[in-house]
Amino acid sequence: AGLSFFILGIGIKTAFLPLHFWVPWGYPAANFPCSVLLAALCTKVGVYAVARVLPPLPFINIMGACMAIIAVTLALLQSDLRGLLSYHIISQVGYMVAGVGLGVTLSVDGGLLHLVNHMIYKALLFMSAGAVIFAVGTEDLHKLHDPAEKPGATGKVALWKTLPVAFIGALVGGLAISGTPLFNGYVSKYLLKTAMHGT
């Protein structure tokens, strides 16, 4: 009788659609160290609760797929750096929820491995974004430029040349989150893809 309430409570924590609005509102509003911790831990606790508390249900599997597709579309529409990363968290959590909701051993393993992988590379992406925002002074993707650049200068210096460590962190995090082979995101996404294809 209480299953619907468990789904509602865990769904808020996991950012089920349409209960996801706290993620893009809260993560960009927090200071840099807090947003790194939020990105790494907050929604992942909800995914773990889905795996441990809720039974495998088609509703949860479909919810995860919808989260993955809709949230990544909303991420593409963002002009705010941490807003983009926040919506992308919802999308990646969708992969985890879809795998755990399927209930097959391989999909649950892939979802929980993706949970651990996501904690690592999303924290790295938020730290890199924090370094860029701190150096440049804005989160607007259209206004990012070299912080040492003089106003009115014609020769623009690439931001990656000014902040090479943040660039390397963002590059590694970006390759991992996109599932590029030899990076940790590839392994968990491959497990999820194999499990979904086999059912």
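What counts as what
Residues numbered from 1 in each chain as written. Predicted model: local features only at pLDDT ≥ 70, side-chain atom pairs only at ≥ 80, totals over all residues. Heavy atoms only, no water. Helix = DSSP H or I, 4+ residues; strand = E, 2+ residues; numbered from the N terminus. Contact = heavy atoms within 4.5 Å. Polar contact = N/O pair within 3.5 Å; in protein donor to acceptor, adjacent residues only side chain to side chain. Salt bridge = Lys/Arg side-chain N within 4 Å of Asp/Glu carboxyl O. Buried < 20%, exposed > 50% of the residue type's maximum accessible area, 1.4 Å probe, protein only. Phe/Tyr/Trp six-rings, centres within 6.5 Å; stacked < 30°, edge-to-face > 60°. Axes fitted to C-alpha atoms, helices over the stretch in contact; angles between N-to-C directions. Parallel < 35°, antiparallel > 145°, perpendicular 65-115°, else oblique. Left-handed = near helix turned anticlockwise from the far one by under 90°.

### A look at the environment of Ser107
Link 1 in the chain: Tracing the sequence through the fold places Ser107 in helix 6 (residues 105-136).
Link 2 in the chain: Sequence separation between Ser107 and Ala195 is 88 residues, and the spatial gap between their C-alpha atoms is 5.1 Å.
Link 3 in the chain: With sequence-adjacent residues up to four places away left out, Ser107 is seen in contact with Gly99, Val100, Leu102, Leu192 and Ala195.
Link 4 in the chain: In terms of polar contacts, Ser107 uses its side chain to reach the backbone carbonyl oxygen of Gly99, at 2.7 Å.

### Regarding the pattern of salt bridges
Link 1 in the chain: Scanning the model with the defined rule gives one salt bridge in all.
Link 2 in the chain: Glu139 is the salt-bridge partner of Arg82, the closest N and O atoms lying 3.0 Å from each other. Linking Arg82 in helix 5 (residues 81-102) with Glu139 in the loop between helix 6 and helix 7 (159-162), this pair joins segments that are 57 residues apart in sequence.
Link 3 in the chain: Note on Glu139: relative accessible area 16%, which makes it buried.

### Considering the packing of aromatic side chains
Link 1 in the chain: Tallying each qualifying case throughout the model produces two aromatic pairs.
Link 2 in the chain: Considering the side-chain rings of Phe21 and Trp25, the 5.6 Å spacing of their centres and the 25 degrees angle between planes classify their relative orientation as stacked.
Link 3 in the chain: The class for Phe21 is partly exposed, based on a relative accessible area of 37%.
Link 4 in the chain: Ring plane angle 25 degrees and centroid distance 5.9 Å describe the contact between Tyr186 and Tyr190, whose orientation is recorded as stacked. Here Tyr186 and its partner Tyr190 are both found in helix 9 (residues 184-197), four residues apart, which amounts to about one turn of the helix.
Link 5 in the chain: Look at Tyr186 and you get partly exposed, because its relative accessible area is 33%.

### Topic: the packing of helix 5 against helix 9
Link 1 in the chain: The contact between helix 5 and helix 9 brings their axes to 10 Å, and the two run at 45 degrees. With respect to their mutual orientation, helix 5 and helix 9 come out oblique. Helix-helix and strand crossings are classified by hand; for helix 5 and helix 9 the assignment is left-handed. On helix 9, the residues that touch Gln92, Tyr95, Ala98, Gly99 and Leu102 of helix 5 are Lys189, Leu192, Ala195 and Met196.

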